[in-house]
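# Structural overview for review
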Amino acid sequence: MGNEVSQTTPSAPGAQALDARLQKKFRRGIDLNLKILVRGERKTGKSQLIRSIQTSTFHNTYTPTPALTVQSFQLPEAATDEVVKVDFWDVVDEAIPQKKGEKAADASTCNVYQGAHALIVLYDPREPLSFITAKDIIYNRPDHVPAVLCRNFTDCDSGNAVKTEEAVAWCAEAGVPLLQLSLRNAFGLRELFHFINSIYLDHRCRSLELSLALAREKKLNFPPLAKNRTTKRSSRVSLRNKRYEDFQRRTLHTNFHCIRSVDVFHGEGTSLKEE
């Protein structure tokens, strides 16, 4: 981003940057591609958040991001055995043209929420306007996109215009979680990745539920041919058993008459009749 002074932050559980090894791995195929939006006022730490995830470095100087940028990573191996690619969209509300008459990508020129899986919104508690902007972004997001509000610069608690209690109360009313971040020492990144992992798990659960529903529907709509074949086979077995029973009945009836005829021929029938 053009920053000159940087320092390494303590390592935090994060995604892997899209190096040559991951590019080759992604070319073989991925199981899921998550799109995570990072929004907020300028100077709230959006680019630094993505940089901390990518390289674990902190830059002391600020350089404004001119236009919308995308950084791709892999979800940590500990989270899943699947290959999950995560695209972090560094969204700027109004782009800064690098050349006269140039139209750069920003939130006003493209639908950033299309295909989005989650939204991360940052604000600076020292700047009331950034908190107002963060609330507007969360309120105006589509209902299907889960969001998290991140209170950055927790290492600079002096002179905060937006009290933590105010943010906690608003998040409870809006139904979104609140995370405390300090990108200088990677504080709060672990909880942020718990949020991202929950997005992945929720997506997997909905996919499994859909697959289960389709399997049940397929079972209910089982082709009737197999059922008819089973019914015909049962009918043939029943008919064969009935014929066998009729044969046995006729055989017993014939044998009984033969025995009676032999008894009469030997005179046993006469003695019985005389008694």
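Residues numbered from 1 in each chain as written. Predicted model: local features only at pLDDT ≥ 70, side-chain atom pairs only at ≥ 80, totals over all residues. Heavy atoms only, no water.

Per-residue pLDDT for the chain has a mean of 78; in total, 67% of the residues score no lower than 70. This model gives residues 259-266 a pLDDT under 50, and the stretch forms three contacts once residues within four places in sequence are excluded. (pLDDT = per-residue confidence, 0-100. Contact = heavy atoms within 4.5 Å.)

What follows deals with the packing of aromatic side chains. One pass over the structure, following the stated rule, counts four aromatic pairs. When the ring of Tyr-139 is compared with that of Trp-170, the centres are 5.5 Å apart and the planes differ by 80°; the resulting orientation is edge-to-face. Here Tyr-139 is found in helix α3 (residues 128-139), whereas its partner Trp-170 is found in helix α4 (residues 164-174), with 31 residues between them in sequence. According to the relative accessible area criterion, Trp-170 is buried, its value standing at 9%. Residue placement shows Lys-35 over the ring face of Trp-89; its charged tip is 3.8 Å from the ring centre. Over the ring of Phe-153 we find Arg-126, and its NZ or CZ is 4.5 Å from the ring centre. (Phe/Tyr/Trp six-rings, centres within 6.5 Å; stacked < 30°, edge-to-face > 60°. Helix = DSSP H or I, 4+ residues; strand = E, 2+ residues; numbered from the N terminus. Buried < 20%, exposed > 50% of the residue type's maximum accessible area, 1.4 Å probe, protein only. Lys NZ or Arg CZ within 6 Å of the ring centre and 35° of its normal.)

Turning our attention to the pairing of strand β3 (residues 32-40). Within β3, eight of the nine residues are buried, which leaves the element mostly enclosed by the surrounding structure. Inspection of the sheet shows β3 paired to strand β6 (residues 84-90) by seven bridges, in the parallel sense. Residue pairing for β6: Leu-32 is matched across the bridge by Val-84. Here β3 pairs with strand β7 (residues 118-123) via five bridges, running parallel. Bridging across to β7, Ile-36 finds its partner in Ala-118. (Pairing = 2+ DSSP bridges.)

If you trace the backbone, Ser-182 turns up in the loop between β9 (178-180) and α5 (189-220). Of the residues examined, Ser-182 reaches a relative accessible area of 1% and is grouped as buried. With sequence-adjacent residues up to four places away left out, Ser-182 is seen in contact with Asn-152, Thr-154, Asp-155 and Phe-187.

Right, let's talk about the layout of surface pockets for a bit. Volume-wise, the largest pocket comes out at about 510 Å³. Around the largest pocket sit 28 residues that line it, and Gly-45, Gln-48, His-59, Tyr-62 and Phe-153 are the ones nearest its centre. For the lining of the largest pocket, the secondary-structure elements that each account for two or more residues are α2 (46-55) and β4 (57-59). Counting residues per element, the lining of the largest pocket draws most heavily on α2, at four residues. Taken together, the residues of the lining of the largest pocket sort by class into seven nonpolar, 12 polar and nine charged. (1 Å grid on protein atoms, 1.4 Å probe; cavity = no way out; pocket = protein on both sides within 12 Å on 5 of 7 lines; lining within 4 Å. Points joined across faces, edges and corners; volume = space filled by probe spheres on them. Nonpolar A, V, L, I, M, F, W, Y, C, P; charged D, E, K, R; others polar.)

Moving on to the pairing of strand β8 (residues 147-151). On any regular strand, side chains alternate: one points to one face of the sheet, the next to the other face. Judged by how many residues are buried, β8 sits mostly within the fold: five of five residues are covered. The alternating pattern of β8 places Ala-147, Leu-149 and Arg-151 and Val-148 and Cys-150 on opposite faces, both of which are buried. Of the pairings in the sheet, the one linking β7 to β8 comprises five bridges and is parallel in character. Looking at β8, one finds that Leu-122 is bridged to Cys-150. Taken together, β7, α3 and β8 constitute a β-α-β crossover, and its handedness is right-handed. Taken together, β8, α4 and β9 constitute a β-α-β crossover, and its handedness is right-handed. (Right-handed = clockwise from strand over helix to strand, strands pointing away.)

The next point concerns α4. Along α4, the positions that sit buried rather than exposed are Ala-167, Trp-170 and Cys-171. In an axial view of α4, the angular spread of the buried residues amounts to 100°, which keeps them on one side of the axis. Among the exposed residues of α4, those oriented more than 90 degrees off its buried face are Glu-165, Ala-172 and Glu-173. Where α4 is buried, its residues touch β7, α3, β8 and β9. One or two positions beyond α4, positive phi appears at Gly-175, with a value near 75°. (Arc of directions from axis to C-beta.)

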